[in-house]
Amino acid sequence: MRPSIRLHAGTRLLACVLVSAAACDGRTPAAADADTVGGSLITAIQAEPRFLLPPLISLIDEQMVGDQIFEPLARMGDDGRLDRDFRPALADSWSWENDSTTIVFRLNPNARWHDGKAVRASDVRFTYDLCVDPVVGWKDREYFARIDSLTVRDSLTVAFWFRSRYPEQFFDAATRMLIVPEHVLASEPRATLQTSSFNRAPIGSGRFRLAKWTPNASIELVADTTHYRGRAKLDRVIFAVTPDANAVTARVASGELDVVAVSSPEHFRTLAARPELKAQILPAFDYTFLLFNTRARNQRSRPHPLFSDLALRRALTMALDRDLLVRGQFDSLAAVAIGPMTRAQALADSTIAGIPYDSSGAARLLDSLGWKLPAGKYVRERGAKPLAFSILVPSISRNRMGIAVRIQEALRPFGVDVSIDAIEPNAFFAKMRAGDFDVAFDGRKADLSVSGLKAYWTVASARQPNGQNFSRYENPIFDAHLDSAVGATDAATAKAHAKQAFSTIIADVPAVWVYEVRTVQMIHKRFRTAHVLPTAWWAGLADWSIPSNERIPRDRLGLKLAAR
Amino acid sequence: MRRFILRRLLHGVAVIFIATTLSFFLVHLAPGDPFSSSLESLATDPRVLAARRAAYGLDRPLAEQYVRFLTRLVTGDLGPSILAAGPAEDALAAAIPNTLVLMGTALALGLIAGVALGAWQAMRVGSRADRAVDTASLVVASLPEFWLGLLLLLLLAGKFRLFPTGGATDYMHDLMSPGERIVDRLRHLALPALTLALLSAASIARYQRAALLDVLPQDYVRTARAKGVGERQLVWRHALRNALVPTIVLVGLSLPALLGGAVFVERVFAWPGMGRLAADAYDARDYPIVLGATLVGTALVTIGGIATDVLHAIVDPRVRSR
Amino acid sequence: MRPSRFDAAALHDASVPAQVADGGTIPPARVAWRAFARDRSAVGGVIILLLLAVMAILADHIAPYNPRALLDPIRLKNVAPSLDFPFGTDQFSRDVLSRVIHGARVSLAVAFLSVIAAATVGTAYGAIAGYIGGWIDSAMMRFVDALLAIPRVLLLIAVATLWGKVDVVGLVVLLGVTGWFGVSRLVRSLVIGASEDEFVTAARALGAGHIRILTLHILPQVASPVLVAATLAIGNVVVIESGLTFLGMGVPQDTPSWGGLFRDGMDAYTAHWWVPLFTGVALVATVLAANLVADGLRQALSPRQLPAR
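Residues numbered from 1 in each chain as written. Chains lettered and ligands numbered in written order. Predicted model: local features only at pLDDT ≥ 70, side-chain atom pairs only at ≥ 80, totals over all residues. Heavy atoms only, no water.

## Comments concerning the sheet that holds strand S4 (residues 91–97) of chain A
All names here are of chain A. Sheet architecture is open: 4 strands sit in the order S4-S5-S7-S6, paired in antiparallel fashion. What marks the edges here is a single partner per strand, and that holds for S4 and strand S6 (147–154). Taken pair by pair, the neighbouring strands of this sheet meet at an average axis angle of 20 degrees, ignoring direction. Bridge count for strand S5 (residues 102–107) against strand S7 (residues 157–162) is 5 bridges, and the pairing is antiparallel. When the sheet's bridge partners are listed, Val104 is paired in S7 with Ala159. Strand contacts of helix H3 (residues 121–132): S5, S6 and S7, with the helix running at about 160 degrees to S6, the strand carrying the most contacts. (Pairing = 2+ DSSP bridges. Helix = DSSP H or I, 4+ residues; strand = E, 2+ residues; numbered from the N terminus. Axes fitted to C-alpha atoms, helices over the stretch in contact; angles between N-to-C directions. Contact = heavy atoms within 4.5 Å.)

Here's what the structure looks like:
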C-alpha cells in the first residue's frame, strides 16, 4: 500500500514526456489555418480578481486574466531565457545604443487598443510613470530601479535609459510592464486607482478582450478578431471562479472545465485516471514560507515580543520536521523549500545548508532562552507570558491550511501553543500589509531573476510604509550580497554572490521555508498547447488551438457574444 | 381589516428599526477597528485613508455616528467592502434575488408537498403507511441542511451526474438559446431547492397531520360525515380549510430558520445568494456585507411575517382584533 | 369550546411559541412519566442520548487514540475502516473514531450549556413580562419580536465577523444569547394563562408575595413545556454549531468537533468518504434522538392523548 511511490515514478515519466511535448508545440510555426481557429477553453481560478489594472495586479488569478488582455513590449521565448530569444509583442523591433545602456523599442504601427485607438509611444511613457509612482504601489517597482528614465523619440519609438549594464536589462524593460492606454486612464487620480472602473472594464491591446464579467462567477474573454498580430486561435476563454477544490475536480470530470491546476495528491490521482485529460507538470516556481513578524502587531515601531529574537526563530525551525510535514501533505508533489527560491531557478543553490530538524536541540534551545514548562501545564512560559502565537493562513489554500494543522500538532509537544487564523486572501494581504500578524503563511512565485528579492527582504523595502517587506527583516549584509549578485556581469560571479546572499538569509531565519510545489495542470486532451512558460502556463493561451475534428459542442458556438 | 394591516406594518417598521440599532451597537462594541482592513485594502495612501475615515465620520461622537449610520442606511449605503472591492450594497443587491428565488421555490415545494402529505397521512391515521411516513418525516426533519445538501450533491450530481455540481448557471449560459437557458437555470436550482424543500415538507407534514387530526373529530366535520360526504372530500374541502391556518402561521414563524438553512445550502451548492455572500464575508472579516445581509434578512423575514399574518387574518377574522 | 393542543411546533426551530391548553391541565408527573415510558421511540431516543452523553463524558477513557495525534502522516493517512481503525483515519492520519467520540464531547457540551443558558434567560424574561403585563409586557415582547425576526445564523455570522475569533466559551455564550427569544414568548403566554388560574387568585387574595406566587404556583406549570422546547433546542443547536464550524466560524480548528470533522472530511472526500459518513451518522443520531425525546415528552405532557402513533 504505497501509492506514493507509484505516483513519484509515474509523474517523473509523465513530466519528461509532457514538458518535451509542450516544448515541441511551441516550436512549430503557427499556421494561420482556418481548421484550427475556433473553440472554447474554460479554466478554474481560485479567487475572484479584484484589480485588472496591471500596476495593481497582485493575485495570480489577476495575472492570468491580465496577461491575455494586455501586452508587454516583448515576451520571453519558449526556452525561458532571460537574456535572449525574445518574441515581439507591442514592439516589433528594438536596438541597443550607447554601449548597451540604452534600448530603443519601435512599436508595431498597426497596434490598436480594444477601443480602436492606436497604441502610441506616449502610452508606454504613461505606463512607465504609473509603474514607478510610489503612490500607485506596483509590486514589481523594484525591477525598474536601474532604469534612469524613459524618453519618447516619436509617436512609435521609446528609449529606455539605464544607469548601468546588466544581463537582465532587456528582460526587465521589455517584459515586466503591461502597457495601458493613456487616453483612458490619464484623468484618473493616482491615489484612488483601486476604485477605478477600469479594473472591471479594462481596455488593453491583447489578443483577447473582456466580453463579460459575472461577479463571483466567471470572466469571459473573446478573441479580438482584428488584432494586428492575428487573432487568437480560440474563440473564447472563460475563467471560472471556483474556490472549492472538490468542485473543481467534479466539474473537470463532468466536462464543465477544460484546464485546472491540481495541488493535492488525492485530486491528482482522481483526475489522472480519466482518459480524456492529460497532465502537464511544470517545474516548481511556487514556494511558501511561514513569515515571522519582527515588529509588534499593530505597532510597528516596537519589536515583536517573540519573533524579534533570532534564537527563538531558530528553535521553532529546528522543532519542525519539514520533510515529514511536506510528504504527509503532498506525497511527492512538493519538496521542502530551501529558502526564498526554488530549485528550478538558475541562481538557486540546493547545497546551502539549512537549519536541520533537531527536536532535542530545539527543546534545549527553548529552555536556555528561558521558556520553561510550568508544572502541570502544557504551554511554555517566560515570566508568566505563554509561548503562544497565531499563524495567519489564506483559507483558500487547502494545502497551507493542512500544513498549518500539522505544524500545530508538531509544536504541541514542545510546549508551543499555535492557533490558526484562517482568512480570505484579500483580507490576508491587507493584514500582512498592516503588519497585523504574528506568523503569516505566505507564498510567492519565484521570479526568474534574483533581483525580485529586493522588494521583499532589503533594508530599503523595510523602511517603505507601502512596501512588501511585511516582516520588516533587515540585514545590510544580505543587501550587499544581493546587490553584488544582481550587478554581476557574468553568470559565475552572479551565482557565487547569490549563494552568499541566500546563505545569509537562510541563517537569519526571517521565515521557516516550507515547501515548493510543482504546477500540475490537467488539460483536456483536445487542446494543443503553445508557448507554455514554467512560470506562467497561461502565457501562450492566444496560440492554443483545437483541431476541428476534436471539438465538442460548445467549441462550435462561434464568436457570437452573449446578450448583455 | 385595513387597520389591522396598518398596525402590522407599523409593527414591522419597529422591528426593523430595533434590528438596525442593535447592529450599530454590535459594530461599536466589537474589539479593534473593523473598518481598517476594508478601507486599507482599497487605498494605501494615508491621506486618502484619512479622508475616507472622515467621510464615514469614524472619529465623531457615538450619537453623531448613529445618526449618520441611520441616514446612510436609508440611502442604501452600507460602506466599503473588502470582498467586493467596492460598495457593499452592490454585492448584496446582486445576491438578494438569487436567495429569494431559492427560498421561494423551496417554500412553495415544501408547502405543497407537506400539506398534501399531512392530509394523506391524516386520512389513514394509525395505519402502517401513516406510521412509516411519520418515522420517515421525523428522520428527514432531523437532518442538518448542509448534511442533506452534501448527500444530494455527492449522489445526484457527483455520482449519477443528473444535476450540475453547483452555481446558478452554466459558464456558457449566456450563449444558450432562451429555452436552454430556462432549463439550465432549473437544473441548477433543483438540488438546493430540493434540499430545503425536503426539510420544510417533513416538518410541515408532521404539523399539518397533527392539525388535521385536531380538526377532524370536530362537530361540523362529524355532521358532514353523517351527511355522507366522502372521507377525501371531508379532509380536503372541509377540514383542511381550518387546519391550514396553523400551518400558515408556522410558515411565517419559520422564515428566519429557512433563511438560516439557506446560508448552509448556498455554501454547499455555491449558490450565489445572500447566505453565501455572508459566509464569504466572514472569511474576509468584511462586516459591511455581513451586517447588510443581516438587516436585509430581517427585512425579508418581517415582510414575510406580515404577509402570513394578513393571510391568517383573511382566513380567520377573529385574529384581526388582536 | 375548541380545545387546542399545546404544541411546540417546528421541529427545527424551538423559537415557535405554543398555544396553551385552554380547558385542559397538564397531567401530573406520574401519569406523564408512565405515558412516556410506554412510548418506545421516545425511550429509544433517551437511550441514544444517554449513550452519547456517557461517550462524551468518558471520552478520554473510551477513545482508542489521542484525537489530535497524527499517528503516522506518511503511512497511516486515509486508511479505510478496519479493525485497527473502525472509522478509518483522515488525511492527517488521525483516528476518526476517537475524533467522533471527542467531538461528541464538544458538540454536546456546547449545545447543553447554551440551551440551559438560553432557557434560563428566556424563562426569566418571559415570566417577568407575562406576570407584569401592561405596557411593559408589550414593550418587552416587541423587543423580542424584533430579535426573533433576525435570522439566527446571520446574526451569529455577524457577531463572529466582528469579534474575529470565537473560542468554545464564546460560542456557548453566543448561542445562548441568540437562543432565548422563543422560550421567552412561550413562557410569557404560559404565565399569562397560569396567572388567571384559581390557585393564583386565591394565593393573591391570601396576601402571598409576587415571588412566592411565581415560584410556587406559576413556574411549575411552565417547567414541562420549557423542557420540551429545551430538548428540541439541543438537537437544533447541535446542528447550528456543526454548521457554523463547517463554515469555519464555530469551534476552533484544533478542537475536535463534528462540524470540524465535516469540514476536514470535505477536502477530497473521495479519498476518505468515511470521515463525513460517520460524522454525519453521529450528528443525525443525536438530532433524531433529541427530536424523539421531545416528541415523546410532548405527547406525554399533552392534555389529550393522540390516537396510536
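## Some details on the interface of chain A and chain C
Every contact between the two is made by 21 residues of chain A and, on the other side, 20 residues of chain C. Summing both partners gives a buried area of about 1,900 Å² for chain A against chain C, and 52% of it is carried by carbon and sulfur. The salt bridge involving Lys77 of chain C is made with Asp331 of chain A; its shortest N-O contact spans 3.7 Å. Our enumeration of links across chain A and chain C arrives at 4 residue pairs in polar contact (both at pLDDT 80 or more). Elements with a minimum of two residues in the side of chain A that touches chain C: helix H7 (265–272), helix H9 (322–330), helix H11 (398–411) and strand S19 (417–423) of chain A. The element that contributes the greatest number of residues to the side of chain A that touches chain C is H11 of chain A, accounting for 7 residues. (Buried area = accessible area lost by both parts, 1.4 Å probe. Salt bridge = Lys/Arg side-chain N within 4 Å of Asp/Glu carboxyl O. Polar contact = N/O pair within 3.5 Å; in protein donor to acceptor, adjacent residues only side chain to side chain.)

## A short note on the nonpolar core
Grouped together as the largest cluster of nonpolar side chains are 152 residues, with contacts concentrated most on Trp457 of chain A together with Ile157 and Trp258 of chain C. Take this core: its biggest share by element is 11 residues, from helix H4 (residues 96–132) of chain C. When near neighbours in sequence (up to four residues on either side) are disregarded, Trp258 of chain C contacts Leu52, Val100, Gly103, Ala104, Ser107, Val238, Ser242, Thr279, Ala282, Leu283 and Thr286 of chain C. Formed by 76 residues, the second largest nonpolar core is a distinct cluster that contains Phe70, Phe171, Tyr228 and Ala530 of chain A. (Core = buried A, V, L, I, M, F, W, Y, C linked by side-chain atoms within 4.5 Å. Buried < 20%, exposed > 50% of the residue type's maximum accessible area, 1.4 Å probe, protein only.)

## Focus on the interface of chain B and chain C
The interface of chain B with chain C comprises 60 residues on the first partner and 58 residues on the second. Between chain B and chain C the total buried area reaches about 5,100 Å² when both faces are included, carbon and sulfur atoms providing 76% of it. Sorting the residues of chain B by area buried against chain C places Phe146, Phe264 and Tyr282 of chain B first, and these three jointly supply 12% of that buried surface. Linking chain B with chain C are 1 salt bridge. Its salt-bridge partner being Asp295 of chain C, residue Arg206 of chain B comes within 2.5 Å of it at the nearest N-O pair. Across the chain B-chain C interface, the total number found is 4 residue pairs in polar contact (both at pLDDT 80 or more). Counting residues per element, the ones that place at least two in the side of chain B that touches chain C are helix H1 (2–29), helix H6 (128–142), helix H7 (145–159), helix H8 (178–215), helix H10 (231–253), helix H11 (255–269), helix H12 (274–283) and helix H13 (287–315) of chain B. When its residues are assigned to classes, the side of chain B that touches chain C shows 40 nonpolar, 10 polar and 10 charged. (Nonpolar A, V, L, I, M, F, W, Y, C, P; charged D, E, K, R; others polar.)

## Thoughts on the pairing of S19 of chain A
The side chains of a regular strand alternate between both faces of the sheet. When you tally the buried positions in S19 of chain A, you get 5 out of 7 residues, the bulk of the element. At this point the chain moves from strand S18 (residues 388–394) of chain A, through H11 of chain A, to the parallel S19 of chain A, and the crossover so formed is right-handed. (Right-handed = clockwise from strand over helix to strand, strands pointing away.)

## What about the environment of Ser368 of chain A?
Residue and element names in this part refer to chain A. Residue placement: Ser368 occurs in helix H10 (residues 359–368). The exposed category is assigned to Ser368, whose relative accessible area is 58%. Along the chain, Ser368 and Asp447 lie 79 residues apart, while their C-alpha atoms are 39 Å from each other.

## Examining unusual backbone geometry
Trans peptide bonds make up most of the peptide bonds, and negative phi angles are found at most residues other than glycine. Residue and element names in this part refer to chain A. Of note in this structure, Ala384 is not a glycine but carries a positive phi near 75 degrees. Here Ala384 shows up in the loop between strand S16 (381–382) and strand S17 (385–386). One non-glycine residue, Arg472, lies in the positive phi region at around 60 degrees. Mapped onto the elements of the fold, Arg472 is located in the loop between helix H14 (459–463) and helix H15 (476–487).

## Thoughts on the pattern of salt bridges
Residue and element names in this part refer to chain A. For the coordinates displayed, the defined rule picks out 54 salt bridges over all chains. Among the ionic pairs, Asp436 bridges to Lys431, the shortest N-O distance being 3.2 Å. The residues Asp436 and Lys431 share a single accessibility class, namely buried. By sharing partners, the salt bridges in this structure join Asp258, Arg526, Arg554 and Asp555 into a single network.

## A short note on the environment of Pro215 of chain A
Structurally, Pro215 of chain A can be placed in the loop between strand S8 (208–214) and strand S9 (218–223). With 26 residues separating them in the primary sequence, Pro215 of chain A and Val241 of chain A have C-alpha atoms 9.0 Å apart.

## Structural notes on the side chain of Thr535 of chain A
All names here are of chain A. As for its placement among the helices and strands, Thr535 is situated in the segment after strand S21 (511–524). What makes Thr535 buried here is its relative accessible area of 15%. Residues in contact with Thr535, not counting those within four places in the same chain, are Met76, Phe285, Lys445, Ala446 and Leu448.

## Points about helix H5 (residues 134–149) of chain C
Its 16 residues give H5 of chain C an end-to-end C-alpha distance of 23 Å, which sits within 8% of 22 Å, the value for a rise of 1.5 Å per residue. Where H5 of chain C is buried, its residues meet H1, H11 and H13 of chain B together with H4 and helix H8 (181–195) of chain C. (Expected span 1.5 Å × (residues − 1).)

## Considering the packing of H4 of chain C against H8 of chain C
All names here are of chain C. At their nearest, the axes of H4 and H8 sit 7 Å apart, and the two run at 40 degrees to each other. The angle between the axes of H4 and H8 places the two elements in the oblique class. Considering only the axes of H4 and H8, their crossing is right-handed. Across the interface between the two elements, Ala119, Gly122, Thr123, Tyr125, Gly126, Ala127, Gly130 and Tyr131 of H4 pack against Val183, Ser184, Val187, Arg188, Val191, Ile192 and Ser195 of H8. (Parallel < 35°, antiparallel > 145°, perpendicular 65-115°, else oblique. Left-handed = near helix turned anticlockwise from the far one by under 90°.)

## Notes on the packing of aromatic side chains
All told, the structure shown has 39 aromatic pairs over all chains when counted by the stated rule. Judged by centre distance (5.2 Å) and plane angle (85 degrees), the ring pair of Phe146 of chain B and Phe262 of chain C falls under edge-to-face. Pair noted here: Phe146 of chain B is in helix H7 and Phe262 of chain C is in helix H11 (residues 258–266), and the two residues belong to different chains. For Phe146 of chain B, a relative accessible area of 0% puts it in the buried group. For Phe262 of chain C, a relative accessible area of 2% puts it in the buried group. Aromatic pair Phe87 of chain C and Phe278 of chain C: ring centres 4.0 Å apart, planes at 0 degrees, arrangement stacked. Here the residue Phe87 of chain C occupies a position in the loop between helix H3 (59–62) and H4, and Phe278 of chain C occupies one in helix H12 (residues 274–301), the gap between them amounting to 191 residues. According to the relative accessible area criterion, Phe87 of chain C is partly exposed, its value standing at 21%. Ring-pair connections join several aromatic residues into one group, and the members of that group are Phe86, Trp94, Trp96, Phe105, Tyr128, Trp138, Phe144, Phe160, Phe170 and Phe171 of chain A. Sitting over the face of the ring of Trp213 of chain A, Arg200 of chain A holds its NZ or CZ atom 4.1 Å from the ring centroid. Its end group placed over the ring of Tyr282 of chain B, Arg285 of chain B keeps NZ or CZ at 4.9 Å from the ring centre. (Phe/Tyr/Trp six-rings, centres within 6.5 Å; stacked < 30°, edge-to-face > 60°. Lys NZ or Arg CZ within 6 Å of the ring centre and 35° of its normal.)

## Some thoughts on the pairing of strand S10 (residues 236–241) of chain A
All names here are of chain A. When you tally the buried positions in S10, you get 6 out of 6 residues, the bulk of the element. Both faces of S10 are covered, namely the face carrying Arg236, Ile238 and Ala240 and the face carrying Val237, Phe239 and Val241. Taken together, the 6 bridges between strand S1 (residues 40–45) and S10 define a ladder with parallel strand orientation. From the neighbouring strand, Ala44 faces S10, where its bridge partner is Ala240. In this sheet, S10 lies alongside S9 in antiparallel orientation, the contact comprising 5 bridges. Along S10, the bridge assignment pairs Ser218 with Ala240.

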